[in-house]
Amino acid sequence: MSAPIDLIATFIPNDGEFHRVKLALEIAIDEVVKEPGCIQYELTEATEEKLVLTEQWASEEDLDRHSKGIAVQDLNESLSALLAEPVKVERV
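Summarised in this report is the structure supplied together with it. All chains use their own residue numbering, which begins from 1 and follows the written sequence. Per-residue local features of the predicted model are confined to residues with pLDDT of at least 70, and side-chain atom pairs are confined, for both listing and counting, to 80 or more; whole-chain, interface and lining totals are unaffected and use all residues. Based on all heavy atoms of the structure, the side-chain values leave hydrogens and waters out of the count.

## Concerning the sheet that holds strand 1 (residues 5–11)
How we decide: DSSP bridges decide pairing: two strands pair if at least two such bridges lie between them. Counting from the N terminus, the helices are the DSSP runs of H or I reaching at least four residues and the strands are the DSSP runs of E reaching at least two. Between the N-to-C directions of two axes lies an angle of 0 to 180 degrees, each axis being a line fitted to C-alpha atoms and, for a helix, fitted only over the stretch in contact. When checking whether two residues touch, look at their non-hydrogen atoms; a contact exists if any pair is within 4.5 Å.
If you walk across this open sheet you meet the 4 strands as 2-3-1-4, and the pairing is antiparallel. What marks the edges here is a single partner per strand, and that holds for strand 2 (38–46) and strand 4 (88–91). Averaged over all neighbouring strand pairs, the angle between strand axes comes to 20 degrees, with direction disregarded. Direction of pairing for strand 2 relative to strand 3 (residues 51–57): antiparallel, over a ladder of 7 bridges. Following the sheet pairing, Glu42 is matched in strand 3 by Thr54. The sheet contacts of helix 2 (residues 60–67) involve strand 1, strand 2, strand 3 and strand 4, and relative to strand 3 the element is tilted by about 135 degrees.

## Focus: the side chain of Gln56
Heads up, the condition is: Between buried and exposed lies partly exposed: a residue is buried under 20% and exposed over 50% of the maximum accessible area for its type, with that area taken using a 1.4 Å probe on protein chains only.
Here Gln56 shows up in strand 3. Relative accessible area serves as the criterion here: at 18%, Gln56 is assigned to the buried category. Residues within four places of Gln56 in sequence aside, it is in contact with Pro4, Ile5, Asp6, Gly37, Cys38, Ile39 and Gln40.

## Some thoughts on the environment of Asn14
How we decide: We define a polar contact as two N or O atoms separated by no more than 3.5 Å, with the added condition that, inside protein, one atom must be a possible hydrogen donor and the other a possible acceptor, whereas residues neighbouring each other in sequence contribute only through side-chain atom pairs.
Inspection of the secondary structure assignment puts Asn14 in the loop between strand 1 and helix 1 (18–32). Spatially, the C-alpha atoms of Asn14 and Gly37 are 32 Å apart, while their sequence positions differ by 23 residues. From its side chain, Asn14 meets the backbone nitrogen of Ala84 in a polar contact 3.1 Å long.

## Structural notes on the pattern of salt bridges
Filter applied, for reference: What counts as a salt bridge is simple: a side-chain nitrogen of Lys or Arg found within 4 Å of a carboxyl oxygen of Asp or Glu.
The full count for this structure, using the stated rule, is 5 salt bridges. Note that Lys22 is salt-bridged to Glu26, the shortest N-O span being 3.1 Å. Within this pair, Lys22 and its partner Glu26 are both found in helix 1, separated by 4 residues, close to a single helical turn. A relative accessible area of 26% places Lys22 in the partly exposed class.

Next comes the structure, spelled out in structure tokens:
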């Protein structure tokens, strides 16, 4: 069995959009934690300057499925005009 995949996603909201970005993330979190292979998907830092989401997936296949899923599509659509820069996703 392969080791879990750990990711950190950083979101930089536009000025004045922190609460809308946080709400969009909270809505996505409620859906994503139900996805197969999701071990962790939680907001671990939230300041006016940035929000950090910590993710852990059981396998590459689960992460790929998540990346193409409706929850991510909906989140990207919700955030399209609210972020100062593209989401930064890093493997840790």
